[in-house]
Amino acid sequence: MNFSYDIIVVGAGHAGCEAATAAANMGSKTLLITMDMNKIAQMSCNPAMGGIAKGQIIREIDALGGYTGIVSDKTAIQFRMLNRSKGPAMWSPRSQNDRQQFIQAWRQVVENTDNLFLWQDTVNELLIENGTVKGVKTELNVIFRAKSVILTNGTFLNGLIHIGQNQIKGGRISERASVGLTEQLRELGFSYGRMKTGTPVRVDARTVDFSKLSEQKGENDFHKFSYLDFTPRKLKQRSCWICFTNERVHELLREDLELSPMYNGQIQSIGPRYCPSIETKIVNFSDKDQHQMFLEPEGEDTQEYYLNGFSSSLPLETQLKALREVSGFEQVHIYRPGYAIEYDYFDPVQLKATLETKLIPGLFFAGQINGTTGYEEAAGQGLVAGVNAHIFCHGGQEFVLNRDEAYIGVLIDDLINKGVDEPYRMFTSRAEYRILLRQDDADARLTEKSYALGLATAERLNLWKEKQKEIESLLLFARQYSIKAKYINTALESLDTAPLKQGVRLSDLILRPQLSFDILQEHIPALKRRIEQIPNRRDEIVEAAEIQIKYQGYIEREQLQAEKTQRLDNIRIKDKFDYLSIHSLSFEARQKLDKIQPETLGQASRIPGISPSDISILLVLLGR
C-alpha cells in the first residue's frame, strides 16, 4: 500500500467531500480519511439543502464543478424556490432530501473519482517538519505523508453532547469525538474557542395526527440546483407540515429551564443566533405565545420526521412532555431526543483568502472548524480549499473569489477579515452585490473561471456557452422587435396594465412588473415562435433573459460599484509595512492590521475598525 499522497483531507462531511473531489479532479493524488465510510456527507442536522443565500452557494459550487448540487437534485423529495414574492436577487432554491440516499449518492461520487482514495480511521496528529505540514498520523498508528493537508473536522474536535445533565463525548449522537488535533494546533500557536449547535427530536410519523397540521407541498417546475442538463427529483415527492407551539408548551419548558445546559451554566460556548433552541426562543421572545415549526420527512419512504424549530438540550422527559402539548402530537413517539453539542473551532483570521493557514504552509481549514454553520457554507469552503491545496502542491495562481463574484467569496472574506464570535451563517443581507450574485447566473459568473483552472469540465463549459448564446439571441430579439399599440392594447388592458399610445420595443413591455415573456407570448405570435425555437432548457433561458431586461439598470449600477472596489483589491500590501511602527494609524488599526496581515488594500478596508483615513494613510505611504 502506498502511504504517500499529494493531499490528505481529514473528515468526509460536506466540506471534506467537496475538497477531496476538487483536488482529485484537478489531478492531485488525494486521500480522504473518515471515521465512518457509511456516513460520508452525513446531513447531521436537518435533511435539507439550500435555503436563503445557501441555495445560491450550492448553485455556485455546481457552476464551479462541485457535486453538492447534483447530489441534492438526485436525492430531493421536495423542492421549492424561496422568496418568489421578492426580486430575483432574493430567490433561493431549497430541497428536502432523503438522508440515506444523499449519503449513498455522495459515496458513489467519491468512490468513482479518479485520483481519490478512501481510508477509514481517525486522525489524531499532524506531521510537522521545519514548520510545514508533511502528513498525518492516525489512531491505528498509520502514517500518511502528503504535501498538503485539509482539516474539515466538523463538530468532532473535542465534541461534547448535552441532553439535560447527561454529557456524552461525541461529534454526533452515537459517534465519538476526535481528540488530539486541537491540543497540537494550540501548541503550534493557533488560537481556538468553543461553539455550540443543536438539533431537534426525531418523530415517528405514525404517531402524529396530520389532520391538525397544515400541509406545505413542493414545486415541480424546471428549477433545480445543478446547471447540468438532467431531470432532477426522480424520487417520490413528499410534503412538509406546519405546526405551532403554544402557551402550555412554553409553560412546561420554562418550568424546567434550570435543567437546560444553556441556562444552568453547563454550556459556556456560543450558539447560532439564527437557528436558536426552543429554550432560547421562549426566553428571548417571551412576548410571543406561539412559534412556528416545520415537520420534515427524513426520506422517500421512512416514517422518521425532523421537527424543525424544536431544537433543544433539555432533558428527554421535558422535551417529550412539552412536545405532547403541541396540537397533533398528543400521542407522539420519538426516535431520539434533541441535543446540543459543543466543539472546538479556530479563529478564521488565522487563514489566508485561500483558506491556507498563515502559521503552517500547506495546512488548510474548511467548514465548521472555521466557525461557520451549515452544510452549504462548509461545502463552499471545502471546494476552495481543495482547489488551493492542489495549486499549493503543483503551482499556479491562487484561487480567490471576490465579493462581487460569489457568495462563497463573501463568506470567506468575512471570515478572514472579521473573524467570528458566533457560528457564521450566510444571508443575502451579508452581500453588498446581491443583484450580481443571483441564483440564476452562477454559471455566467464562475464556469469559465473554473474551466480555466482545470476543475469544471468541457461539458459544463459547452452547456454554459450554448445557454449564453440563446440568452443573447432572445435579448436581441426583444430589443429589436417592435409592437404596435393596436395589436396589443386589448391584451394589455385585460392584464391590468396601461395601454400603449405608440409602438414600443418588446423589451420595453417586459420592463413592466405585470408582464413577462410567458404572459406576452400568448398575445404575440412572433414571440411564441421565437421561444419555441430554443432547443434545450427553454424555461431556464427565458427566465435568465427576462431578469437581465427587468434589472439591467440595477445590474449595471452594482457592476460599477464593484469595479471601484476592485481598484483597492488590486493594490497588494502584503509584507510591505510594519504596522505597529506606523503611528499615524489609529492604535486599533495598527493592532488589527498587524494581526490579520491583509494581502491587499481592499482586504484591509474591510477589516472592522479600519477607517477610511487609515486606508488613505497607507495609500500615501505606498506612494512614497
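Preceding this paragraph is the structure being described.
The notes below deal with the structure included here. (Residues numbered from 1 in each chain as written. Predicted model: local features only at pLDDT ≥ 70, side-chain atom pairs only at ≥ 80, totals over all residues. Heavy atoms only, no water.)

Before going further, it helps to spend a moment on the overall build of the protein chain. Across its full length, the protein chain carries 21 helices and 21 strands. Its C-alpha radius of gyration of 26 Å places the protein chain within 12% of the 25 Å reference for a compact globule of 624 residues. In terms of overall dimensions, the protein chain has a C-alpha envelope of 80 × 75 × 55 Å along the principal axes. Counting every position in the protein chain, which comprises 624 residues, the buried fraction comes to 59%. Contacts in the protein chain between residues far apart in sequence, at least 24 positions, make up 73% of those at least 6 positions apart. Total accessible area on the protein chain is roughly 25,800 Å²; 47% of this is exposed by carbon and sulfur atoms. Considering the protein chain, the positive charge centre built from 75 side chains and the negative charge centre built from 80 side chains are found 3 Å apart. (Helix = DSSP H or I, 4+ residues; strand = E, 2+ residues; numbered from the N terminus. Rg over C-alpha atoms; globule rule 2.2 N^0.38 Å. Buried < 20%, exposed > 50% of the residue type's maximum accessible area, 1.4 Å probe, protein only. Contact = heavy atoms within 4.5 Å. Areas by Shrake-Rupley, 256 points an atom, 1.4 Å probe, with all protein chains shown as cover. Lys, Arg positive; Asp, Glu negative; His and termini not counted. Charge placed at Lys NZ, Arg CZ, Asp CG, Glu CD.)

This part is about helix α17 (residues 538-550). Spacing of three or four residues puts side chains on the same side of an α-helix, whose turn is 3.6 residues. Along its 13 residues, α17 runs 18 Å from first to last C-alpha, staying within 8% of the 18 Å computed at 1.5 Å per residue. For α17, a buried count of 10 out of 13 residues is recorded, marking the element as mostly surrounded by other parts of the structure. (Expected span 1.5 Å × (residues − 1).)

A word on the sheet that holds strand β5 (residues 92-97). Spatially, the three strands line up as an open sheet ordered β3-β5-β4, and their pairing is antiparallel. Two strands lie at the open edges of the sheet, namely β3 (48-50) and β4 (76-82), each paired on one side alone. Sheet twist, expressed as the average angle between the axes of neighbouring strands with direction ignored, equals 20°. Of the pairings in the sheet, the one linking β3 to β5 comprises three bridges and is antiparallel in character. Counted as the bridge partner of A48 is Q96 from β5. (Pairing = 2+ DSSP bridges. Axes fitted to C-alpha atoms, helices over the stretch in contact; angles between N-to-C directions.)

The next point concerns the pattern of salt bridges. The full count for this structure, using the stated rule, is 44 salt bridges. Residue K54 pairs with E376 through a salt bridge whose shortest N-O separation is 3.3 Å. Of this pair, K54 sits in helix α2 (residues 54-64) while E376 sits in helix α9 (residues 375-394); the two residues are 322 residues apart in sequence, bridging distant segments of the chain. We note that K54, like E376, is buried. (Salt bridge = Lys/Arg side-chain N within 4 Å of Asp/Glu carboxyl O.)

Another aspect to go through is the packing of helix α6 (residues 247-255) against helix α8 (residues 316-323). The N-to-C vectors of α6 and α8 enclose an angle of 165°; their axes lie 9 Å apart at closest approach. As far as their axial angle goes, α8 and α6 are roughly antiparallel. The element α6 and its partner α8 pack so that their crossing is right-handed. Seen from α6, the contacting residues are V249, L252 and L253; seen from α8, they are T318, K321 and A322. A class-by-class count of the residues in the contact of α6 with α8 yields four nonpolar, one polar and one charged. (Parallel < 35°, antiparallel > 145°, perpendicular 65-115°, else oblique. Left-handed = near helix turned anticlockwise from the far one by under 90°. Nonpolar A, V, L, I, M, F, W, Y, C, P; charged D, E, K, R; others polar.)

Summed over all chains, the structure comprises 17 aromatic pairs. With centroids separated by 5.4 Å and ring planes inclined at 65°, the aromatic side chains of W119 and F144 adopt a geometry described as edge-to-face. On the criterion of sequence distance, the pair formed by W119 in strand β6 (residues 116-120) and F144 in strand β9 (residues 143-151) is long-range, its members being 25 residues apart. Measuring from centroid to centroid gives 5.6 Å for F190 and F365, while their planes differ by 40°, and the two rings are tilted. You can see F190 sitting in the loop between α5 (181-187) and β12 (192-204) and its partner F365 sitting in strand β19 (residues 363-365), a full 175 residues away along the chain. The same class applies to F190 as to F365, namely buried. Aromatic rings pair up to connect F3, Y5, F117, W119 and F144 into one cluster. Looking at R59, its charged tip hangs above the ring of Y227, at a distance of 3.8 Å from the centre. In this structure, R430 is placed above the aromatic ring of Y424, and the distance from its NZ or CZ to the ring centre is 4.1 Å. (Phe/Tyr/Trp six-rings, centres within 6.5 Å; stacked < 30°, edge-to-face > 60°. Lys NZ or Arg CZ within 6 Å of the ring centre and 35° of its normal.)

Right, let's get into the pairing of strand β2 (residues 30-34). Of all five residues in β2, five are buried; the element is thus mostly enclosed. Neither face of β2 is open: one carries T30, L32 and T34, the other L31 and I33, and all of them are buried. Strand direction decides the pairing type here: strand β1 (residues 4-10) and β2, joined by four bridges, are parallel. Pairing of I8 across the sheet is with L31, part of β2. Once the chain exits β1 it traverses helix α1 (residues 14-25) before rejoining the sheet at β2, and the crossover so formed is right-handed. Inspection of the sheet shows β2 paired to β6 by five bridges, in the parallel sense. Residue pairing in the sheet places L31 in a bridge with F117 of β6. (Right-handed = clockwise from strand over helix to strand, strands pointing away.)

W106, L151 and L363 are the most contacted members of the largest nonpolar core, which totals 96 residues. With 10 residues, α9 is the single largest residue contributor to this core. The residues contacting W106, other than those within four sequence positions of it, are C17, E18, T21, I40, A41, Y67, T68 and V71. Judged by nonpolar contacts, the second largest core, of 28 residues, contains I483, A485, L506 and I531. (Core = buried A, V, L, I, M, F, W, Y, C linked by side-chain atoms within 4.5 Å.)

Although it is not a glycine, N130 adopts a positive phi angle of roughly 55°. Among the structural elements, N130 can be located in the loop between β7 (123-129) and β8 (132-138).

Structurally, Q368 can be placed in the loop between β19 and α9. Judged by relative accessible area, which is 18%, Q368 ranks as buried. Remark: the alpha-carbon pair of Q368 and A378, spanning 10 residues in sequence, is separated by 6.6 Å. With near-sequence residues (within four places) excluded, Q368 lies in contact with G154, T155, Y343, Y345 and T373.

Let us now look at the side chain of N153. Take N153: it is sitting in the loop between β9 and β10 (160-163). Those residues in contact with N153 that sit more than four places away from it in its chain are V10, L181 and I369.

As a packed pair, α1 and helix α4 (residues 99-111) sit with axes 11 Å apart at the nearest point and diverge in direction by 25°. Comparing the axis directions of α1 and α4 gives the class roughly parallel. As α1 runs across α4, the sense of the crossing is left-handed. Judged by residue contacts, H14, C17, E18 and T21 of α1 engage F102, W106, V109 and V110 from α4. Residues of the contact of α1 with α4, tallied by class, amount to five nonpolar, two polar and one charged.

With that settled, the discussion passes to the state of the cysteines. A covalent bond bridging the sulfur atoms of two cysteines is what the word disulfide describes. Applying the stated criterion to the full structure yields zero disulfides. Here C17 is not disulfide-linked; the sulfur of C45 is the nearest cysteine sulfur, at 18 Å. A relative accessible area of 0% places C17 in the buried class. C45 forms no disulfide, and the closest cysteine sulfur to it belongs to C275, at a distance of 6.0 Å. (Disulfide = S-S within 2.5 Å.)

Read these as layout, nothing more, since geometry by itself doesn't imply function.
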